[in-house]
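# Observations on chain architecture
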Amino acid sequence: MTMSLPVLSGQLLVGLINGSFYAILSLGLSIIFGLLGIVNLTQGAFYMVGAFFAWMLLQWLGVGYWGALILAPLGVAAIGVILELLLIRRVYRLDHSYGLLLTFGLLLIIQGSFVYIFGTAGQPYPIPDELRGGYNLGFMFLPKYRVWVVVVALGLCFATWYSIERTWLGRTLRAATEKPALTRAFGINVPRLVTVGFGLGVGLSGLAGVLAAPIYAVSPLMGADIIIVVFAVVVIGGMGSILGSIVSGVSLGLLEGLTKVVYPQASSSVIFVMMILVLLVKPTGLFGWEK
Amino acid sequence: MRPSRLLGPLAVLAALTSVAAAGEKSVKIGVLTDLTSFASTAMGPGSVLAGQLAVEHFGGKVLGKPVELISADMQSKPDLAVQIARRWYEAENVDLIVDVPASAAAIAIQAMATEKDKLFMATVAATPVLTLKGCSPNAVHWVNNTSSLARSPVSALMADGAKTWFLIMPDYQIGKDLVAEATPFIEQLGGRVLDVVYFPTGTGDFTQYLLRAQASGADVIGAGAIGLDLSNLIKQAVEFNILPSSKQRLAAFVLNLSDVHAVGLQTMQGIYVMQEYYWDRNDVMRAFGKAFFARFNRMPNFTHSSNYSAITAYLKTVQDIGTDDPKKVVARMKEVGAPRWGEQVKVRADGRVLFNADLYRVKAPSESKEPWDYLKPVAAIPIDKMFPPADPSQCSLVR
Amino acid sequence: MSDGRTKLTLAILGIIVILIAPHLFYPLFLVKVICFALFACAFKLAMGTAGLLSFGHAAFFGGAAYVAAHVAKVWGFPFELAVLAGAASGALLGLAFGVISIRRHGIYFAMITLALAQLVYFVAVQAPFTHSEDGIQGVPRGHLFGLVDLSGAYAMYYTSAGIFVIGFLIIARIIHSPFGKILDAIREDPARALSLGYDIDRFRLLAFVLSAALSGLAGATKTIAFQFASLTDVHWATSGDVILMALLGGIGTTFGPVVGAIVIVSLDEFLADSGLPIQPIIGTIFVLCILLFRNGVVGTLERWLKHSAPKQAGGLTA
């Protein structure tokens, strides 16, 4: 199968764009694992709910994309916080497998309910007018909206990395994770901090959902399809490592893009091969550390 | 014979004798569909409603017996479907099963119908196996199969001048079946398939495949993606300026009206698709569409309407021959044909129901005058262009 | 009542139930319950006894389903050989998975098994002999040992029940054997077991392979009873289902997984006609189990019985 260089460039560019999308999605998962040691499979459901909130805001309240970018993640974060306070915090002292299983159960409930109420067909959501159209690069047409997604992704990644590494909030969050008793001794309300952190991680997924709504069909199934990939991204990058999520997200987008060129049937599975290889050589991931 | 084995037949005997000279009290039809999972919008509650309407419009009785309609949720799990079907056929006196969205389950249930001497009408499954290796004297394949799904857009668009094709297909049996059927037919009509891409189902982003299709310069991009995959594919084709195009057309091989509704006319306009039923096509179809809409608030998919027409044909045939014996019903349909949307259609020896259909184009928003006014017919597709001949080497019912 | 007598009574009750059940319930439905009960017990061996949370057990169950279907239909293997072939394929696949992943623990182990199972799913979609979503159809049931015709519902049921009893006894024997005790020790405190000189990876690998083989046995039996194999058997949702069954019934108990399988398979069957959203209901049960009934139905029952029974001299209770 021959492919000219221009066409190949287009393929890889798309892969990069998708990779930045994976990076945003995996940020939330990474933060939560770093904070709580819990693999939050519900993240996929929150992504989907974020997209649905955007649709609901438009459909029922006439609130457009820009409003949704702020309101939807807040709504999703609120739900996440409630779930954390009521349910998820009960499994912290247990084996981490229970956290994985609990969030898996929540994923089933949320997704199943949405399928029951809305059906699986998907809801229409338009690209906002300001972001329509694109640039003709010669070898392909690059939609403005995709550029926007990359810009947001880079911005979010940088902002998250900066907050965790450089600000008081980030430092305190990290301290609360590594030495909770000591942190509490300093007068910090650790449980509340954990809740805030969880809300942040979940809100990031909701935001990713709003970003996805104009380009991917808004359907209750959109979370399950993507969570497995994001899961692999975070594992490969290193659970709890922000830098790891970003690097592996983008790289895996590229790898998936390359696979779509040479052996498309395997494009959903190649990520698992990577995951296995990384887990064998360095189980904590490329940038991760032992918890 | 072990003593415990006698208990079974004894129990049945007891049940039978307790109901004096029962015979069959009703004609029972089961709609086995996906009510709450992946196929619930394409089939699901709509299929059940279509079945109910068929029974109601027929009058609720046949040969002096009441017609009973039941339904169950197979949740997209083939073995659950098989389990329910077996219980229905063996223990609950169900005479006819329809719907069954999973091809694995449809093939298995058709075999079961043969084994138990019951009736199965494939009203939504598209696998060609049902009239080939799996053909049965107790079943008819009522809805389109991959042969007609593949051939329809090919014959109509190539008659309109299209020559080269780029196929984007799901990496599933249905995708392979569509390619296997479309490719020789395209070549037979003087065209060429430039390339085929198989994508894993559940792919969210089709951009790379679409860019390749665009670069290939093919006259038609043939998309075999189904449901959500198709919605994403078309959305991204529009986003990346691949559609609308004066040089390339997109034909969807498998599309439901609910998909058009989900994505919207703005994005979907100009797509070519074959539909064996469209609510606005003629008076007969419109009557059902409006009755369905009155209860469901949505216009029916061709899958829903397939259940309606199949059950109607079944009841009419039973009425005609005075018995609901499955082999006799099927034999009758093969002999004189079956009523379908106001016409009498032929049913082949292998169980394949033959009908013609239309190629449609999705309207632009400005062309749509009322809700659900989505499709514009552009070409009729004659029967001989839709179905390949029966294959006696695969189905022994064909002589 | 002593522990031994309780177990004997339960066993006799179990036999009676197995014998009369097909006259009260639909036999094919019971066969499904039985196969999943065996699957859940096999899973318990991995997770409950050896502490290996595997998120990919469907690979063993479904892989065996395809193998058994193929050898029975295309190669004409008799029933018992087809089922054994399924179990063997489970063991081999379990060995392959185990060799790759056994050195990892906890979450990381779960993730490798999930990834490996996804690769098995990919192979199932691609391989020509599986026919993708059409599945392998028309698998002949054949005759048991060339004598008993399995096409009848009762013959198939009793044969499946027999296979289940054998499998269950093997698992129970393993759990209560010295080998099983070592597995318990490794699960509870791997560091200490290591310091006592046990090659913990080898023990865990053996337990995993046994669990995979018995899962394969369950998958092969189900396939032949239903006469077809499909992609659902290797899908990760099936892995999730078996985890739920084991947890619901009680991962730490011997009978728990059986109860869990009965509940979940019954829910699917009895709610099918209701139009209720089954996925959210199952998800809710999952969540309730993890939060409130971590010992599962049987585990909670056992605890409650132990608390209310008068203490025996010498303290027999574990």
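Residue positions are counted from 1 within each chain, in the order its sequence is given. Here every chain gets a letter starting at A, and every ligand a number starting at 1, in the order they are written. With the structure being a predicted model, the display of local features is reserved for residues of pLDDT at least 70 and the display and counting of side-chain atom pairs for 80 or more, all residues being used for whole-chain, interface and lining totals. The basis for the side-chain values is all heavy atoms of the structure; hydrogens and waters are excluded.

## Thoughts on the interface of chain B and chain C
Here, residues are in contact when the closest pair of their heavy atoms is within 4.5 Å. If you look at the interface, chain B gives 33 residues, while chain C gives 35 residues. The junction of chain B with chain C conceals about 3100 Å² of combined surface from both sides, 49% of it contributed by carbon and sulfur atoms. When two parts are put together, the accessible area they lose, computed with a 1.4 Å probe and summed over both, is reported as buried area. Taken as a group, Asp79(B), Gln83(B) and Arg87(B) account for 20% of the area that chain B buries against chain C, more than any other trio of residues on that side. For this document, the term salt bridge refers to a Lys or Arg side-chain nitrogen within 4 Å of an Asp or Glu carboxyl oxygen. Remark: the boundary between chain B and chain C carries 4 salt bridges. Between N or O atoms, a polar contact is any pair within 3.5 Å; within protein, one atom must be a potential hydrogen donor and the other a potential acceptor, and residues adjacent in sequence are included only when both atoms are from side chains. Where chain B touches chain C, the interface holds 15 residue pairs in polar contact (both at pLDDT 80 or more). Helix and strand assignments come from DSSP, with helices taken as H or I runs of at least 4 residues and strands as E runs of at least 2, each series counted from the N terminus. Counting residues per element, the side of chain B that touches chain C draws most heavily on helix H3 (residues 78-91) of chain B, which supplies 10 residues. Residue classes follow a fixed rule: Ala, Val, Leu, Ile, Met, Phe, Trp, Tyr, Cys and Pro count as nonpolar, while Asp, Glu, Lys and Arg count as charged, and any other residue, Gly among them, counts as polar. Counted by class, the side of chain B that touches chain C contains 14 nonpolar, 9 polar and 10 charged residues.

## What to know about helix H11 (residues 270-281) of chain A
Its 12 residues give H11(A) an end-to-end C-alpha distance of 17 Å, which sits within 8% of 16 Å, the value for a rise of 1.5 Å per residue. Think of it in three bands: residues with accessible area under 20% of the maximum for their type are buried, residues over 50% are exposed, and the middle band is partly exposed, with areas taken using a 1.4 Å probe on protein chains only. Inspection of H11(A) places Val270(A), Ile271(A), Phe272(A), Met275(A), Ile276(A), Val278(A) and Leu279(A) among the buried residues, and these make up the whole buried set. Where H11(A) is buried, its residues touch helix H9 (222-237) and helix H10 (242-262) of chain A together with helix H4 (79-101) and helix H5 (106-126) of chain C. Any helix carries an expected span of 1.5 Å times its number of residues minus one.

## Section: the nonpolar core
To define a nonpolar core, start from buried Ala, Val, Leu, Ile, Met, Phe, Trp, Tyr and Cys residues and group those joined through side-chain atoms within 4.5 Å. Within the largest apolar cluster, 234 residues are counted, with the highest numbers of intra-cluster contacts made by Leu32(B), Ile97(B) and Phe120(B). Of all the elements, helix H2 (residues 27-49) of chain C adds the most residues to this core, at 18 residues. Grouped together as the second largest cluster of nonpolar side chains are 114 residues, Val31(B), Val62(B), Val193(B) and Leu315(B) included.

## A few points about the side chain of Lys77(B)
Tracing the sequence through the fold places Lys77(B) in the loop between strand S3 (65-73) and H3. Excluding residues that lie within four positions of it along the chain, Lys77(B) makes contacts with Thr232(C), Asp241(C) and Asp268(C).

## Quick look at the environment of Met74(B)
Residues and elements named next belong to chain B. Its location among the elements puts methionine 74 in the loop between S3 and H3. You can call methionine 74 buried: its relative accessible area is 1%. Counting along the chain gives 39 residues from methionine 74 to leucine 35, while the straight-line C-alpha distance between them is 7.3 Å. Discounting residues that sit within four places of it in the chain, methionine 74 has contacts with Leu32, Thr33, Asp34, Leu80, Ala81, Pro101 and Ala102.

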